[in-house]
Structures are given as C-alpha cells and as structure tokens.
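# Remarks on the overall topology
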Protein chains: 2
Amino acid sequence: MEGDPPLRLRVFDLNCWAIRYLSKRRQERMRLIGDLLHREDFDLVLLQEVWSEQDYSDLKVKLGGCYPFSHYFRSGVIGSGLCVFSRFPILDTLLYQYSLNGYPYMLQHGDWFCGKSVGLVLAWESASLLTHSSQLHAEYCREKDAYLPHRLVQAWELAQFIRHTSKAADVVLLGGDLNMHPEDVGIRLLRGWTGLQDAFVEATHFEGCEDGCTLVPNNCFTDKSEMLPFPLGIRIDYILYKAMSSYTVKCEELKTTTGAAPGMDFPFSDHEAVIATLHIQREGQAARTTFGTAELALADVVTEARTEVCVGLRVAQRQRYSSGRMAVLALLLLLLQAAATLGVLVGLDAGQPFPKLSFCLLAFLAIAILLLSTGLHLFHTVEVKMLRSTEEQMQMVLRALQERP
Amino acid sequence: MEGDPPLRLRVFDLNCWAIRYLSKRRQERMRLIGDLLHREDFDLVLLQEVWSEQDYSDLKVKLGGCYPFSHYFRSGVIGSGLCVFSRFPILDTLLYQYSLNGYPYMLQHGDWFCGKSVGLVLAWESASLLTHSSQLHAEYCREKDAYLPHRLVQAWELAQFIRHTSKAADVVLLGGDLNMHPEDVGIRLLRGWTGLQDAFVEATHFEGCEDGCTLVPNNCFTDKSEMLPFPLGIRIDYILYKAMSSYTVKCEELKTTTGAAPGMDFPFSDHEAVIATLHIQREGQAARTTFGTAELALADVVTEARTEVCVGLRVAQRQRYSSGRMAVLALLLLLLQAAATLGVLVGLDAGQPFPKLSFCLLAFLAIAILLLSTGLHLFHTVEVKMLRSTEEQMQMVLRALQERP
C-alpha cells in the first residue's frame, strides 16, 4: 500500500553485437559484458544481438549467482538475439514475431533471416514488472530508407503488443535497440500510442555520451562514414517505462557507457549500453490518464505514420506486379520451348532449331527465373497484406480518436 | 454494478470452408451463410476459412445493417481465413501468427501456406468482450498424426496469448475450429492453462447434432472414409468462455446446425456451426480463482503435452540432420564436377570424361538438390528452435506449479 517502501530498480540495456564469425572480438567482449554485469549487480538486464545460444549459455553460467533468472528468446532461422537476466523471479514469457522484417534477397543486410521480435518477460518484485525487449529493423540509409514502412509496421505491432499485454501490470518497461532517432515518426508513434516515457528525457540526473547517444563516432567498431552527418552520434537505444494501476515511476538517473571497457582499448559493443535507475512507488489511488491535446498530437503522428505505410504499400504492390509479370514471361518461354521440343519429336520441324546444350541451358534458366519470381511474388503478396492490415488498423484508431468527445 | 441488467450474448461460430476454386458450391454457401446471419441477428459472429477477401467484402456489404462492425485478419500468403462481425463497436484488434504450422512441402495439406493465427477483437457492450478466433492445424490421420507437436505448440501459444492479453477484460471468449477432440491433450492444455469453460459442457439446454459434433458423416461435404471410426461424428469446433474481474458468465443454450440449409439440399459448410447464448451478469465482488486439485491435474496435462512436444523435437532434429547431410553431399558432387571441369580446362585430363549434356544435367540436379536441402535444413532449424522453446516454457510452468505451496 501507500506505506510500502519504494523499489529502486536498476535496468541495463545493451545491443551486444555478437554475431558469430562476423563481429570483431566477440568472445572477449562477451566476457567483458559478463564481468560488468557480475560486478554491477543490476536488477534487470536486457540484451540484444546475442545471436549465439552458446554465448547466452556462457553468460547464464557466469551470472547464475547474481541473476538467478533468465530467458533466451528463440525465433527465426538465426534467432531473435534477445535475452533477459533478472534478479527477480521470471513468472512468464511470451514472444511476438513481427510480421514484416526486410527482404530475403537483401543478403548483405540480413535482417530478414533473424526473427526480429518483441520478447515479454513478467517478473515479480513486490510489483509485477512487465518487461519488453526488442530490436527493430536497422536503418541502412537515412536519406533513402527503403525499410521505413517495415520499421513502422514493427513499431505499430510493438505498440499494439505492449498495449494488449500490459493492462494488468503494475510497471511496464521497454528496453532495446529500436533503430529510430528520438524525433522519428516511429518512436513518436510508439510512445504516443503506448504512453511510455523516455528515461533519457525524464531522468533527473544524466551521465554519459552527449545527448544520450548510443551509437557514437568515437566507438572504434562503428562505421565512421555512416556517422558523418551526426558528429555527436545518434540515440537509438532506449529504456522506456510506464506506471500502471496505482504506481508511480520516476527515473532518478540515466547513464550510458562511454569509451573503452575498463582495462581494455576497445568498448563493450558497437553500441553504448543504457543504464536507468528507476524509483517505483505505490500510491494510494490509481493515477488517471488525461486525454485532450495529447490525443490530437497522437492523431497527427498516426496520420504521418499511415502516410509512410501507404507509400510502402504502393512500392510493395509494384514489386508484386513486376515479379508476377516476370514469372508469367518465364512460364511462356518454357511453354514455347516445350512446344518446340514437341514439334521436333512428332517430326513437324525439319531439325533441332538450337544446339541441344544451349536449349537445355535456356530451359534451366527459365525454370530458375520462374521459381525465383514466383517466390518473390508470394513474398510481396504477404508484404502487401501486412502493410494494408497495418494501414487499416491505423485508420481505425484515427476514426476512434476523432470520434472521442 | 450489481444491479445492472444482465447481458444476453448470442455468439455464432462457423468454419465456412470457403476455398476459392476448391470448395464445392462456395458462392451459394457463402450467400446462404450471409442470409442466415442477416436473419438471425447474432451479437458476435466468428468465421474461419473465409480465404477470399472478396467473400468477406460481399458479407460486409450484405451485413452492414445488422453488424455495423467487422474485421478481416490478414496473414501469410493465403491469409488467416479469420473474420469477425459484431453488433458492438470493435475497439481494437491484434493478430498473433503461430510460429509453427506444418510443412511447406506437404502441398496436399496446404496448412503451411495459410498464416494460421489467433485474431483478437476487443468489443464493448456494457462490458469489455475480448474475443479470440482461431483455427489450428488440421489432423489428417489420427493414428499417425505427424502434426500433433505443431498443433500442441499452437495450442500452447494460443493459451499464452489469451492469458497475456485478457487480464483486463471482463469477459473472454474463444471461438473456432481447434481441430482437436474434446479429450485430446491440446484442448485439455488450452482449457487448463487459460481456465476457459466449454459452452457445450456448461450449457443448460442443448439442441443439435448428437454429442455436439460439428463434423458429422451425414454432411454431404465430409469425407465418409475419414469418419468411419466416428459414426456419430467429432466435435472440433468450440465456443469457450471465461468471466474475469467481477462478472459471471453462464451458457443458457448451445445449438449446432444440422443437415441442409433451409430450402436447399446441401448444408452451409462441411462443418456445423456452433451457436451459444451466454448470460453475462456483473456481480458485487470479484470472483476468486481457487487452486488445488485443478493445479495438480494441470501439471499432468502440461507433462503429457511436453512429452509429445519432445517427440516432435526429436523427429525435427533427425530431419534437420538428414537435410543438412543431403546438402553437404550435393555440395561435394558440385565441387567434384568443378574439379573435373578445371582438370579438362588446364589440360590435365586427356578428354571430357562424360558427354557434355549429361555433365550439365548432373550439375543442375546437384544445384537443385543443394538449394532444396538447404531450404529444408533452415526450415527444420526453425522448427527445432520453436519446439525447444515451447518445451522450455512448459518446463518453466511445471516448475512454478510444483513450487506453489
């Protein structure tokens, strides 16, 4: 009740950049991250990009004493990369895989092969702490961001998932690499639609990289050319929170890691970690949500996001059409070849019009194109479906916002 | 409050079997279903297997007067087939796609191509009605059910999704074709873990097919040979419900459709519809859930389900291994061919060991096998991941159940 001692919660969030065979000094860095977590004794640890289950198992063995509870979220071919360590008992977990996550043929980006998801962990320490951890699709080119509609669908699904699962929790937390700048439409949509507060904005005390940036040019693992337009760096890793029912949450302190790991000449990861100290207090009565101007601003954000999703929808429709047309052309070529072969067999033609080998190679090429473009056509069909579905849901929300007195 | 007039809710659930070009008399039947819904004026209508969006749009136009609110759930290549019509405002929706849903190479069954999901609709009529509609993977052979582990993963994910989303609702409903008999481990798991009650079991009054069966041999669209072991038919379509917070729900009446549609010589679908009349009343105080013997029974059910998931896991691991080995063999063959070609090119060999055409065909065959088996290997990798994840979650729940005093 009101007299309960307040809970001081220290939350740690880091994108570990631990891709087997690809990430530089992965094993050393994972060992250093383990040392840090062991030394600092946080309450909740949210890690992303722990792609190797072996890395998770090693951390679990190392941290078993101070974080007796943990969970690794499996999904997709490579995995979700998400794991959670907790000092408090983990009561339940749930994984929601985003319906869109880039393109399978963008092998150099590879997001599609990871089952990008949001993982939910329900932990208990005198209050029910509903913790979500996630990573959204990366932004590879800010000027011409082909993945923006997918990232917006993910931000929307993340917001919807949080809203639907958090209704009975006392405190809701979201930590992760959201791959969006603070002023981006996706982050405004997520915050507006869930009511989550940004620990960096709310923190009474801040210590760390300037502007709370988590991807900084000083970090030896970041790509310097990509950071040219942002001399200070960018803030894309967040800890967000919300008090539900009769609780209040305040962010006492926010920190980011800076520079090299202690005693080393390289940092923990290509991202900086975010560490928030939250002060959770039970109040006498339930806090009431106030509507009004916030709703108007929300309607604007949803409209903006919906416009971007519509742009993505038109692109996806065009791609679906092109791949479908290509499949039909390949099929026609195959049929033509079949007719020619049949002609030779029944003796209509005087002789073989092409050398056998070229004819055979052409047939294989046509089959390959047919299979590939059919696959692409099916992929873009799903993409169109999911973009349209998100667009419709946003429209429904807009109607509801406008109808509210 | 306690004095509020009770709400009488009529819920209709039907698997419409409306597959374009494949389902018999689809258009006539969809018209008849529309007529029935228009005439009977239910409160909530949950339809499955409405695979064509055009069929949904036609129903929406026809039923706009009596069911002003509706939602179509899009997912996967073909769709989820789920749609909901409601007399009450639909406030929000969410779709959760199951992580496993059969095998892409089982083309004759085709479940994999549908994005089998659970759709959530939050409707409001003096109480918040959280309605879930779903269809699980079909059972094609009861004696040797290769899909049982996948269906159990789906039942588990369905139960988890309902538990996590329903905490703030007043009344929770689930309607759908669950493709499980009432005594099957999956349905016991779902009911035990969510606390949902079976409208057929609880109904004060029942009218319809014997034992509440929804797939009956008398139906002219069902496969008679499949129904031989079940002369009365089977019950696989359900309406389940649960009262939350301070509400009570009673099932006054349950009906199923029987025989031909009015004035026709064929029925509405190959399934019978289930129609429940529920009586919802707000009580003075919140009902308390009692634990004890029910938890012990639940632990047994979870153990049984976990055993089946483990069996599926071992099968999936074997399949992953076989497909991986096949990919390696195909790669070796390709390398061998490449070496032979190189040998000819640099003049090590006296001549071409094979005729050019056969050599070329063999290379294409090896490439095709390599691609196919790599695809299969990746697919079974995901399958292993998801089965293991479900198995671990079940283990966590078992531990929690055993630790409870």
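Remember, predicted model here, so these are calculated numbers, not experimental data. (Residues numbered from 1 in each chain as written. Chains lettered and ligands numbered in written order. Predicted model: local features only at pLDDT ≥ 70, side-chain atom pairs only at ≥ 80, totals over all residues. Heavy atoms only, no water.)

## Let's talk about the sheet that holds strand β5 (residues 90-97) of chain B
With mixed pairing, the six strands of this open sheet are ordered in space as β5-β6-β7-β8-β11-β9 (chain B). Only two strands of the sheet have a single neighbouring strand rather than two, namely β5 and β9 (197-198) of chain B. Sheet analysis places β5 of chain B next to strand β6 (residues 117-124) of chain B, joined by seven bridges and oriented antiparallel. Residue Tyr96 of chain B lies in a different strand from β6 of chain B, and its bridge partner there is Val118 of chain B. Running over the sheet, helix α3 (residues 148-165) of chain A touches β5 and β6 of chain B and is turned about 110 degrees from β5 of chain B. The sheet contacts of helix α4 (residues 185-194) of chain B involve β8 (171-177), β9 and β11 (237-243) of chain B, and relative to β11 of chain B the element is tilted by about 15 degrees. (Pairing = 2+ DSSP bridges. Helix = DSSP H or I, 4+ residues; strand = E, 2+ residues; numbered from the N terminus. Contact = heavy atoms within 4.5 Å. Axes fitted to C-alpha atoms, helices over the stretch in contact; angles between N-to-C directions.)

## Description of the UniProt feature "domain: Endonuclease/exonuclease/phosphatase" (unreviewed entry) in chain A
Per the UniProt annotation, the sites labelled "domain: Endonuclease/exonuclease/phosphatase" (unreviewed entry) are residues 15-271 of chain A. Overall, residues 15-271 of chain A shows 23% helix and 28% strand. The separation of its end C-alpha atoms is 6 Å. (UniProt positions renumbered as here; feature names shortened; annotations may be inferred.)

## Describing the relation of the copies chain A and chain B
Laying chain A over chain B is done by rotating through 180 degrees and shifting 0.0 Å along the axis; what remains is an RMSD of 0.0 Å. The transformation just described matches what one would write down for a two-fold rotation axis. Distance from the rotation axis, computed per C-alpha, reaches its smallest value in chain A at Thr165 of chain A: 2.4 Å. When the interface residues of chain A are mapped onto chain B, 100% of them again fall at the interface, so both copies present the same face. (Least-squares fit on C-alpha atoms with pLDDT ≥ 70 in both.)

## Considering the packing of aromatic side chains
All names here are of chain A. Going through the model one piece at a time under the given rule, you end up with 28 aromatic pairs over all chains. Feature note: the residues Tyr103, Tyr105, Trp112, Tyr147 and Phe379 constitute an aromatic cluster, connected by ring pairs. For the cation-ring pair, Arg29 lies above Phe221, with the distance from its terminal atom to the ring centre recorded as 5.3 Å. (Phe/Tyr/Trp six-rings, centres within 6.5 Å; stacked < 30°, edge-to-face > 60°. Lys NZ or Arg CZ within 6 Å of the ring centre and 35° of its normal.)

## Some points on the side chain of Thr131 of chain A
Mapped onto the elements, Thr131 of chain A comes out in strand β7 (residues 128-135). In this view, Thr131 of chain A contacts Leu44, Leu46, Gly119, Leu120, Val121 and Leu173 of chain A; residues no more than four positions away in its chain are not counted.

## Some thoughts on the pattern of salt bridges
Should their charged atoms come close, side chains of opposite charge can pair. Under the criterion given, the structure shown has 28 salt bridges over all chains. The shortest N-O distance in the salt bridge between Arg74 of chain A and Glu53 of chain A comes to 2.5 Å. Here the residue Arg74 of chain A occupies a position in the loop between β3 (69-72) and β4 (83-86), and Glu53 of chain A occupies one in helix α2 (residues 53-63), the gap between them amounting to 21 residues. What makes Glu53 of chain A partly exposed here is its relative accessible area of 29%. Glu391 of chain B is the salt-bridge partner of Arg306 of chain B, the closest N and O atoms lying 2.7 Å from each other. (Salt bridge = Lys/Arg side-chain N within 4 Å of Asp/Glu carboxyl O. Buried < 20%, exposed > 50% of the residue type's maximum accessible area, 1.4 Å probe, protein only.)

## Details of the domain arrangement of chain A
All names here are of chain A. Along its sequence, chain A is organised into domain 1 (7-288) and domain 2 (293-342 + 355-403). The C-alpha-based centres of domain 1 and domain 2 are spaced at 32 Å. Listed by partner, the interface residues are 19 residues for domain 1 and 19 residues for domain 2. Summed over both sides, the interface of domain 1 with domain 2 buries roughly 1700 Å², with 78% coming from carbon and sulfur. (Domains from an automatic or database assignment. Buried area = accessible area lost by both parts, 1.4 Å probe.)

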